[in-house]
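Listed below are the residues making up each chain.
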Amino acid sequence: MIKIAPSILSADFANLERDIKRVSSADWLHVDVMDGMFVPNISIGIPVVKSIRKCTDMFLDVHLMIEKPVRYVEAFAKAGADLLSIHLEADGPSGISEALRLMDACGVKKAVALRPITSPKAVIPYLEQLDMVLVMTVEPGFGGQSFMADQLDTVAQIRSLIQQYNPACRLEVDGGINTETARRAVTAGADTLVAGSAVYGAADPAMAISALRG
Ligand code: DX5
Ligand code: ZN
């Protein structure tokens, strides 16, 4: 089943509770955490995740765009994340493995994320233990960018690795998703769709969510 995960990066942060309620028909809430190092932008941190947790029961899909995420796994888990995505480019193999081990210890679901430049094969050492792989379909850092169609090939390759190593693992795409690119990503093998501007830029976010479901 396709899951839709609106990204609150495109919400009005001064009216976050209102904007979270506006997307309550979605499956997950996607929370983009940026540290100004791994990506040039700075966005949401631990106290905000904690406040979001208090105002919604939605599944919190927290995308960590931060260097050495192992440092913050416990803090984001305690703040209320249900799933953490860490970037494979954000640390060496021992740091990534340790971060995944900590996620297990904290009882949060585990995902790794890939920048567009990263080879799909990079997920193989971790794939059997993952709940999700996140394929970026834009350069991480900002909402509102155009979908990188070249990433459809990465999505297809990750789908075939998932079928081979861990069929229960979800495959999320993030960046430039609208009704048209959503269809292409799903055809390539995605089952979880992040959408920021396509949901929050719409006059009726609930209608945008149902349009993304196809
Ligand atoms: C970008 C973030 C995305 C972003 C997507 O680095 O990871 O989640 O909010 O925004 P849209 O859907 O507008 O491309
Ligand atoms: Zn994201």
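If you're wondering where the values come from, they're calculated on a predicted model, not measured in any experiment. (Residues numbered from 1 in each chain as written. Chains lettered and ligands numbered in written order. Predicted model: local features only at pLDDT ≥ 70, side-chain atom pairs only at ≥ 80, totals over all residues. Heavy atoms only, no water.)

Draft legend 1. Summary view of the sheet that holds strand S7 (residues 170-174). Within the open sheet, the eight strands sit side by side as S1-S8-S7-S6-S5-S4-S3-S2. Their pairing is parallel. Since the sheet does not close on itself, it has two edges, and those belong to strand S1 (3-6) and strand S2 (28-34), each with one partner. Within this sheet the neighbouring strands show an average axis-to-axis angle of 25°, counted without direction. Examined bridge by bridge, strand S6 (residues 132-136) and S7 share five bridges and lie parallel to one another. (Pairing = 2+ DSSP bridges. Helix = DSSP H or I, 4+ residues; strand = E, 2+ residues; numbered from the N terminus. Axes fitted to C-alpha atoms, helices over the stretch in contact; angles between N-to-C directions.)

Draft legend 2. Spatial organisation of the coordination of the zinc ion (ligand 2). Coordination sphere of the zinc ion (ligand 2), protein contribution only: His 30 (NE2), Asp 32 (OD), His 63 (ND1) and Asp 174 (OD), at 2.0 to 2.3 Å. What the six donor atoms of the zinc ion (ligand 2) show is an angle range of 71 to 171° at the metal, which sorts the shape as octahedral. On the primary sequence, the residues serving as donors to the zinc ion (ligand 2) are separated as H-x1-D-x30-H-x110-D. When sorted by exposure, His 30 lands in the same class as Asp 32, which is buried. (Donors = N, O, S within 2.8 Å, 3.2 Å for Na, K, Ca; no water. Tetrahedral: all angles 85-135°; square planar, octahedral: opposite > 155°, others 65-115°. Buried < 20%, exposed > 50% of the residue type's maximum accessible area, 1.4 Å probe, protein only.)

Draft legend 3. Structural view of the environment of Ile 209. Looking at the secondary structure, you find Ile 209 in helix H9 (residues 205-213). A residue is classified by how much of its surface remains accessible, and Ile 209, at 1% relative accessible area, is buried. Remark: the alpha-carbon pair of Ile 209 and Val 199, spanning 10 residues in sequence, is separated by 6.5 Å. Among residues more than four places away in sequence, those in contact with Ile 209 are Ile 4, Pro 6, Val 23, Ser 25, Ala 26 and Val 199. (Contact = heavy atoms within 4.5 Å.)

Draft legend 4. Geometry of the pattern of salt bridges. Tallied over the full model, the rule gives 13 salt bridges. A salt bridge links Lys 110 to Asp 104, with the nearest nitrogen and oxygen atoms 3.0 Å apart. Residue Arg 159 pairs with Asp 191 through a salt bridge whose shortest N-O separation is 3.2 Å. A residue pair is termed long-range when its members are at least 10 positions apart, and Arg 159 in helix H6 (residues 151-165) and Asp 191 in the loop between helix H7 (179-188) and strand S8 (192-195) qualify at 32 residues. According to the relative accessible area criterion, Arg 159 is buried, its value standing at 17%. We classify Asp 191 as buried; its relative accessible area is 14%. (Salt bridge = Lys/Arg side-chain N within 4 Å of Asp/Glu carboxyl O.)

Draft legend 5. Looking closely at the site of ligand 1. Residues in contact with ligand 1 amount to 20 residues; listed here are only the nearest, Ser 7, Asp 32, Gly 141, Asp 174 and Ser 197. In the model, an oxygen atom of ligand 1 is placed 2.7 Å from a nitrogen or oxygen of the Asp 174 side chain. Ser 197 places a side-chain nitrogen or oxygen 2.5 Å from an oxygen atom of ligand 1. The protein chains hide 99% of the 380 Å² of surface that ligand 1 would expose on its own. For the shell around ligand 1, the elements supplying multiple residues, two or more each, are S2, strand S3 (59-65) and S8. Looking at the shell around ligand 1 element by element, the count peaks at three residues for S2. Along the lines of polarity and charge, the residues of the shell around ligand 1 split into eight nonpolar, 10 polar and two charged. (Near = heavy atom within 4 Å. Polar contact = N/O pair within 3.5 Å; in protein donor to acceptor, adjacent residues only side chain to side chain. Areas by Shrake-Rupley, 256 points an atom, 1.4 Å probe, with all protein chains shown as cover. Nonpolar A, V, L, I, M, F, W, Y, C, P; charged D, E, K, R; others polar.)

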